[in-house]
Amino acid sequence: MSAPLRFVSILLAWTAGAWATDYNLPFMEYLDKDTLVHLKWGFDHLQGNITFQLIVNTTGWVGFGFSPHGGMDDADIVMGGLGSDGSYFADYYSLGEKMPEMDKEQSYTLLSMTENNGQTIMTFQRPIETCDEKDFQITAQSIKLIYAYGTTDVIKYHGSFRGTKEINLLNYKSKTVPPDARYLSVKVDKISVPPNTTYYHCKVMKLENLPTKHHIYQIEPEIENQEVVHHMLLYHCPSFVKEPYDKPCYMGDMGDTCFGVVASWAVGGTAYELPENTGIPIGGTDSDTYYRLEIHYNNPQKKEDIIDSSGLRLYYTDKLRQHDVGILTTGVFPVSHMEYNVPPKAEKFHTYGICNTSLFSQLVDPIPDLQVFSVLLHTHLAGRKVRVGHFRKGKQIDFLGVNENYDFDMQEIVNLGNIKTIKPGDEIIVECVYNTLNRTQSTMMGLSTSDEMCLAFLFYYPAINITSCTSRPNTTLLSTTADQIAEYQSLVNALPQVQYITDANSKSSLYRHGTVRNVMETPTATCKNTNIASRLSISWMVTAGGIILLLLSIAIM
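Throughout what follows, the structure given in this document is the object of discussion. (Residues numbered from 1 in each chain as written. Predicted model: local features only at pLDDT ≥ 70, side-chain atom pairs only at ≥ 80, totals over all residues. Heavy atoms only, no water.)

Section: the sheet that holds strand β37 (residues 508-514)
In a beta sheet, neighbouring strands pair by backbone hydrogen bonds and run either parallel or antiparallel.
Consideration 1: An order of β31-β28-β34-β25-β35-β36-β37 is seen for the seven strands of this open sheet, with the pairing classed as mixed. The open sheet terminates on both sides in strands that have one partner only, identified here as β31 (414-422) and β37. Between one strand axis and the next, the sheet turns through 25° on average, direction left out of account. (Pairing = 2+ DSSP bridges. Helix = DSSP H or I, 4+ residues; strand = E, 2+ residues; numbered from the N terminus. Axes fitted to C-alpha atoms, helices over the stretch in contact; angles between N-to-C directions.)

Focus: the environment of Gly163
Consideration 1: Mapped onto the fold, Gly163 is located in strand β11 (residues 162-167).
Consideration 2: Taking C-alpha positions, Gly163 is 7.5 Å from Leu31, a pair spaced 132 residues apart along the chain.
Consideration 3: Apart from the residues lying within four places of it in its own chain, the contact partners of Gly163 are Leu145, Ile146 and Tyr147. (Contact = heavy atoms within 4.5 Å.)

Observations concerning the state of the cysteines
Consideration 1: One pass over the structure, following the stated rule, counts four disulfides.
Consideration 2: Two residues share a disulfide in this structure: Cys202 and Cys249, whose sulfurs sit 1.9 Å from each other. Taking the torsion about the sulfur-sulfur bond, which here is approximately 105°, the covalent link between Cys202 and Cys249 counts as right-handed. Residue Cys202 is located in strand β14 (residues 198-206), and its partner Cys249 is located in the loop between β17 (245-248) and β18 (260-266); the two are separated by 47 residues in the primary sequence.
Consideration 3: With relative accessibility at 0%, the residue Cys202 sits in the buried group.
Consideration 4: For Cys355, the disulfide goes to Cys469, at an S-S distance of 2.1 Å. When the S-S torsion is 105°, as for the bridge of Cys355 with Cys469, the disulfide is right-handed. Linking Cys355 in strand β27 (residues 349-356) with Cys469 in strand β35 (residues 466-473), this pair joins segments that are 114 residues apart in sequence. Summarising the burial analysis for this pair, Cys355 and Cys469 share the class buried. (Disulfide = S-S within 2.5 Å. Buried < 20%, exposed > 50% of the residue type's maximum accessible area, 1.4 Å probe, protein only.)

Some remarks on the layout of surface pockets
Consideration 1: Here the second largest pocket is characterised by a volume of approximately 610 Å³.
Consideration 2: Together, 32 residues line the second largest pocket, and Tyr235, Phe259, Thr329, Phe333 and Pro334 are the ones closest to its centre.
Consideration 3: Elements with a minimum of two residues in the lining of the second largest pocket: β16 (229-236), β18, β28 (370-378), β34 (455-461), β35, β36 (497-503) and β37.
Consideration 4: Looking at side-chain class alone, the lining of the second largest pocket contains 19 nonpolar, eleven polar and two charged residues.
Consideration 5: Two domains each donate at least three residues to the lining of the second largest pocket, and these are domain 2 (180-324) and domain 3 (325-525). (1 Å grid on protein atoms, 1.4 Å probe; cavity = no way out; pocket = protein on both sides within 12 Å on 5 of 7 lines; lining within 4 Å. Points joined across faces, edges and corners; volume = space filled by probe spheres on them. Nonpolar A, V, L, I, M, F, W, Y, C, P; charged D, E, K, R; others polar. Domains from an automatic or database assignment.)

Regarding the nonpolar core
Consideration 1: Formed by 55 residues in total, the largest nonpolar core has its most connected members in Leu234, Tyr297, Leu312 and Leu314.
Consideration 2: Domain assignment of the residues forming this core places at least three in each of domain 2 (180-324) and domain 3 (325-525).
Consideration 3: Setting aside anything within four residues of it in sequence, one finds Leu314 in contact with Arg182, Tyr183, Leu184, Val186, Ile216, Gln218, Ile219, Leu234 and Ala263.
Consideration 4: Core analysis: the next-biggest nonpolar cluster, separate from the first, contains 37 residues, Phe349, Leu370, Val430 and Ile466 among them. (Core = buried A, V, L, I, M, F, W, Y, C linked by side-chain atoms within 4.5 Å.)

Considerations on the sheet that holds β11
Consideration 1: Pairing is antiparallel across the open sheet formed by six strands, whose spatial order is β7-β6-β5-β4-β10-β11. For this open sheet the edge positions go to β7 (101-102) and β11, each flanked by a neighbour on one side alone.
Consideration 2: Bridging between strand β10 (residues 143-149) and β11 involves six bridges; their strand directions are antiparallel. Note that in β11 the partner of Ile143 across the bridge is Ile167.

Description of the pattern of salt bridges
Consideration 1: All told, the structure shown has 13 salt bridges when counted by the stated rule.
Consideration 2: Among the salt bridges present, the one from Asp324 reaches Lys213, with a minimum N-O distance of 2.7 Å. Placement of Asp324 in strand β24 (residues 323-324) and of Lys213 in strand β15 (residues 213-222) is noted, with a sequence separation of 111 residues between them.
Consideration 3: What makes Asp324 partly exposed here is its relative accessible area of 24%.
Consideration 4: Overall, the relative accessible area of 32% leaves Lys213 in the partly exposed class.
Consideration 5: In this structure, Arg313 and Glu222 form a salt bridge, with 3.1 Å as the shortest nitrogen-oxygen distance. Taken together, the residues span a long stretch of sequence, with Arg313 in strand β23 (residues 311-317) and Glu222 in strand β15 at a distance of 91 residues. Each of the two residues, Arg313 as well as Glu222, counts as buried. (Salt bridge = Lys/Arg side-chain N within 4 Å of Asp/Glu carboxyl O.)

Remarks on the packing of aromatic side chains
Consideration 1: This model, assessed by the stated rule, comprises 21 aromatic pairs.
Consideration 2: On the basis of an interplanar angle of 45° and a centroid distance of 5.3 Å, the ring pair of Phe52 and Phe64 is categorised as tilted. Residue Phe52 is located in strand β3 (residues 49-56), and its partner Phe64 is located in strand β4 (residues 62-67); the two are separated by twelve residues in the primary sequence.
Consideration 3: The class of Phe52 is buried, set by a relative accessible area of 0%.
Consideration 4: Ring geometry for Phe89 versus Phe124: centroids 5.9 Å apart, planes at 40°, classification tilted. (Phe/Tyr/Trp six-rings, centres within 6.5 Å; stacked < 30°, edge-to-face > 60°.)

Keep in mind these values describe shape, not function.
If you want it as structure tokens, here you go:
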């Protein structure tokens, strides 16, 4: 074979598989009961792009779309495949039970189209928000997805090869638990809730003996008194905790040292299922471990005679998943002798908690890359916004969580949309914004509902032995007082942050010289015409044949 033809042969082999890339998409669902149509997806943030990968057991054309009612009326559709002349792909809209029309605004970009083992794999992308009135607007509500496919590359009536399924793409929810699923019920038992505004109850216990390692894959609240149960946390205890108890929290007991978060729930949340390749490890060598269930009761009316048996249901399996999950507590260290107060009459007061992961090596070595996939953000009544900035080499590269309209009554674990990688040495900054215009006294950082908190619980894999990485400004160095809120804000932000790192054995490390970095503005939605960008991207990515012909002509000159 001549050198030019050998070059072309290599190029053809490359183009056949170069775009069949692993796009690291965290969410997946089968759209049909026979598991012939598989959808994967992920997104950067709610104002960015969303990427889909449709895998169908056919070598013909495939179609996917969004529908207001689950049918063809007003549906937004993409169709494509890999034919004898290469890839074909386009954005369509449908007005009814007839052949869809091609959309003048091509809002979707094809990333790759391959066939492998009798399957067509179509990977494509679009903005979550578009300007095209014929595009279905993707929101954080459940959406009816439709699909269809054929056995050849001639796009025609699909017959029975079609279906619909309703999924919340931007806030993916749990799947249905099978009736024979095994679970642990971790609850308090008929405790008397005192008529106090705030009450924390703790139960230290062993879980059911599981001699081999298992994985928790779903966490479900079991709430008996909805009006007073504010949040629940299940903590893993250090090995020196060896006695059970059932009493008020933080009374100087040994169980107060249990702070390795295993499961969590907060008001407004529902059941949470982990991604199918991850699980929270229990059992095996941890069979003798004690756990602490902490329930925060918020009782502003100071109701009497409340008897409660709330807790968490932990669904588990002995079929181990690929990754062990850890939960890292970040943000502002809740309780300290260093006062950290939010002033009254403030419209927007910012607090910051930082975590420099380079300090992890003092307790754990080596430190792997941590893959973050979900987050639970937490403040109390004055909280209005929470953001988790991700910094590398001193510069912000991303957000690990954003809630610009925080609601105290709607706190739930949120999937990030795509997997975020924290590398050793990266910094995490949790920013909380409070409104205290209706308060006449300073609000302290503390445990009571009338106090404030600023926390972000990061769900990640692979699990490491670090349980928390929080900080607090060293206010003992505040030598002057400030009359104006803005001046006080500036003075506190300039103080060195004292960082606290804790591991599962309650060993800790302290660093007194942390710095608050500036957190960038949250990306905002911009209405832009995607047609030109799509055409340029498609022309480069899809028409591989054109590129090959160009290079062939160069090679044989």
